[in-house]
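# What the coordinates show
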Amino acid sequence: MPVEFHTIEIEAVADPWQVDAFACDDLHIGVSGEESGLAVCFAYGSVIADEAELLRIATLPAYRSRGLGHEILSRFLRQAATRGASVVFLEVELDNTKARRLYERMGFATTYVRNNYYGPGRHAAMMRRELKFPASQGGIS
Ligand SMILES: CC(C)(COP(=O)(O)OP(=O)(O)OC[C@H]1O[C@@H](n2cnc3c(N)ncnc32)[C@H](O)[C@@H]1OP(=O)(O)O)[C@@H](O)C(=O)NCCC(=O)NCCS
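To start, this report covers the structure provided alongside it. Quantities reported herein were computed from a predicted structural model and do not represent experimental measurements.

A few words on the site of the ligand. Taken together, 19 residues lie around the ligand, and Thr59, Arg64, Ser65, Gly67 and Gly69 are the ones closest in. The element contributing the most residues to the shell around the ligand is helix α3 (residues 97-105), with four residues. Of the residues contributing to the shell around the ligand, the split by class is nine nonpolar, six polar and four charged.

Time to look at the sheet that holds strand β3 (residues 51-59). If you walk across this open sheet you meet the six strands as β1-β2-β3-β4-β6-β5, and the pairing is mixed. The strands lining the two open edges of the sheet, one partner per strand, are β1 (28-35) and β5 (109-119). Taking each pair of neighbouring strands and ignoring which way they run, the sheet shows an average axis angle of 25°. Summarising the sheet, strand β2 (residues 38-48) and β3 pair through eight bridges and their orientation is antiparallel. Bridge assignment links Tyr44 to a residue of β3, and that residue is Arg56.

In this structure, Ser65 is a non-glycine residue whose phi angle is positive, near 60°. Among the secondary structure elements, Ser65 is positioned in the loop between β3 and α2 (68-82).

It is worth spelling out the environment of Leu27 at this point. Take Leu27: it is sitting in the loop between α1 (2-12) and β1. Residues Leu27 and Arg83 lie 56 residues apart in sequence; the distance between their C-alpha atoms is 9.4 Å. In contact with Leu27, not counting residues within four places along its chain, are Ser46, Val47 and Ile48.

With zero of its eleven residues buried, β5 lies for the most part at the surface. Pairing of β5 with strand β6 (residues 122-130) involves six bridges; the strand directions are antiparallel. Bridge pairing in β6 places Arg114 opposite Ala124. Between β5 and β6, which pair antiparallel in sequence order, lie two residues; one of them, Gly121, sits at a positive phi of approximately 75°.

We now examine the pairing of β6. Bridge count for strand β4 (residues 87-93) against β6 is seven bridges, and the pairing is antiparallel. Bridge pairing in β6 links Val88 to Arg129.

So, on to the nonpolar core. Residues Phe42, Ala43, Ile72, Phe76, Ala80 and Val88 are the most contacted members of the largest nonpolar core, which totals 31 residues. Elements with a contribution of two residues or more to this core: α1, β1, β2, β3, α2, β4 and β6. When neighbours within four sequence positions are excluded, Ala80 is seen to be in contact with Ile29, Val47, Ala52, Ala85, Val88 and Leu131.

Reading the values: rules and limits
Residues numbered from 1 in each chain as written. Predicted model: local features only at pLDDT ≥ 70, side-chain atom pairs only at ≥ 80, totals over all residues. Near = placed C-beta within 6 Å. Helix = DSSP H or I, 4+ residues; strand = E, 2+ residues; numbered from the N terminus. Nonpolar A, V, L, I, M, F, W, Y, C, P; charged D, E, K, R; others polar. Pairing = 2+ DSSP bridges. Axes fitted to C-alpha atoms, helices over the stretch in contact; angles between N-to-C directions. Contact = placed C-beta atoms within 7 Å. Buried ≥ 20, exposed ≤ 12 C-beta atoms within 10 Å, placed from the backbone. Core = buried A, V, L, I, M, F, W, Y, C linked by C-beta atoms within 7 Å.

On their own, these measurements won't tell you what the molecule is for.
Spelled out as structure tokens, the structure:
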């Protein structure tokens, strides 16, 4: 999993994590999506007590705008709920409209803005959503 995620990160984001930053332990969840045997997207985060945090999500540039981001985030949320999370937090740069739109479509709302969090003029939006899945989507509430 860490190598797969790191390989996607190198192509997908400007500030990739080191491979050993992806922990494989009971506190973390990692999900990836493949096309023709190639890992093309992933979501990674933590679950501690009843709170989950989405730490990274990325789709390879050539595979974007096909619904993979939505799909991988849905799978992450479902796994987080299965592990006992009732709320999910994340942090995203305010200017990252692609990611913010995806999160808003998936029910996240901005709770707070940290000004200049990533550097001068680069603000962070803190977002959250509760995890309540209706019976028609697997019955996790
Ligand atoms: C954010 C990110 C993960 C989204 O991944 P994605 O796979 O492109 O996500 P989706 O395909 O589900 O949605 C992206 C867009 O495609 C559109 N889309 C989805 N399926 C589509 C289809 N079949 N045809 C056309 N458009 C489609 C969505 O409506 C959405 O449009 P919008 O941006 O105008 O709202 C991706 O842009 C990425 O890897 N960014 C770099 C890493 C990053 O910024 N991560 C977040 C940091 S917090």
